[in-house]
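Summary of the model geometry
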Amino acid sequence: LAEVFARTRVGVAHYSSSLMEGVAHGAVPLVYDPTEGSRYSPDVEAEGLGMIAKTKEELTGGLSRILGNYEDFKQRIEKEQPLWFRQQEKKLSGIW
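Figured I'd write up the structure that's included with this text. Fair warning: this is a prediction, and the values are worked out from it, not measured in the lab.

1. Regarding the overall build of the chain
Secondary structure assignment for the chain yields 4 helices and 3 strands. Scanning the chain from its N terminus toward the C terminus, one meets helices and strands in the order α-β-α-β-β-α-α. The buried share of the chain, reckoned over its 96 residues, is 33%.

This is the structure in structure tokens:
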């Protein structure tokens with residue numbers, strides 16, 4: 001699985017832990033969440049690590065944007081990844 005993620009530029013899914021596994025390997029997450037009233041958490045878009053699409057149009061536009069700015073997303077992930085995962089771990093420790 002690590003080999004697949006190593007070759008992956010963009011991970012696309014709907015509420016899947018594979019998105020976070022992808023981030024751990026440097027893949028930019030693109031969340032497709034057409035469900036009304038929901039928001040993928042952690043909010044990869046607010047963190048600048050990826051995008052969240054609510055419609056098919058946003059999904060295709062998001063993919064184009066990520067691919068067109070891939071190096072920017074990649075650099076942000078490389079910079080923020082260690083700190084970001086530590087922050088997520090702290091948030092989860094309060095739940096368990």
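2. Focus on the sheet that holds strand S2 (residues 28–32)
Ordered in space as S1-S2-S3, the 3 strands form an open sheet in which the pairing is parallel. This sheet does not close on itself; its edge strands, each paired only once, are strand S1 (10–13) and strand S3 (51–53). Adjacent strand axes in the sheet meet at a mean angle of 20°, parallel and antiparallel pairs treated alike. By the bridge criterion, 4 bridges tie S1 to S2 in an arrangement that is parallel. Bridge pairing in S2 places alanine 13 opposite valine 31. Docked against the sheet, helix H3 (residues 56–68) engages S1, S2 and S3, running at close to 175° with respect to S2.

3. Observations regarding the packing of aromatic side chains
Going through the model one piece at a time under the given rule, you end up with 0 aromatic pairs. Over the ring of tyrosine 70 we find arginine 9, and its NZ or CZ is 4.3 Å from the ring centre. Above the plane of the ring of phenylalanine 73 lies arginine 76, whose end atom (NZ or CZ) is 5.3 Å from the centre.

4. Some thoughts on the pattern of salt bridges
For the structure on display, the rule yields 3 salt bridges. With its nearest N and O atoms 3.3 Å apart, the salt bridge here joins lysine 54 to aspartate 33. Placement of lysine 54 in the loop between S3 and H3 and of aspartate 33 in the loop between S2 and S3 is noted, with a sequence separation of 21 residues between them. With relative accessibility at 27%, the residue lysine 54 sits in the partly exposed group.

5. Looking at the nonpolar core
Counting residues in hydrophobic clusters, the biggest one holds 19 residues, and the most contacted among them are Tyr40 and Ile66. Counting residues per element, the ones that place at least two in this core are S1, helix H2 (17–24), S2, S3, H3 and helix H4 (70–93). The contact partners of isoleucine 66, leaving out residues within four places of it in the chain, are Val10, Val28, Pro29, Leu30, Met51 and Phe73.

Calculation criteria
Residues numbered from 1 in each chain as written. Predicted model: local features only at pLDDT ≥ 70, side-chain atom pairs only at ≥ 80, totals over all residues. Heavy atoms only, no water. Helix = DSSP H or I, 4+ residues; strand = E, 2+ residues; numbered from the N terminus. Buried < 20%, exposed > 50% of the residue type's maximum accessible area, 1.4 Å probe, protein only. Pairing = 2+ DSSP bridges. Axes fitted to C-alpha atoms, helices over the stretch in contact; angles between N-to-C directions. Contact = heavy atoms within 4.5 Å. Phe/Tyr/Trp six-rings, centres within 6.5 Å; stacked < 30°, edge-to-face > 60°. Lys NZ or Arg CZ within 6 Å of the ring centre and 35° of its normal. Salt bridge = Lys/Arg side-chain N within 4 Å of Asp/Glu carboxyl O. Core = buried A, V, L, I, M, F, W, Y, C linked by side-chain atoms within 4.5 Å.

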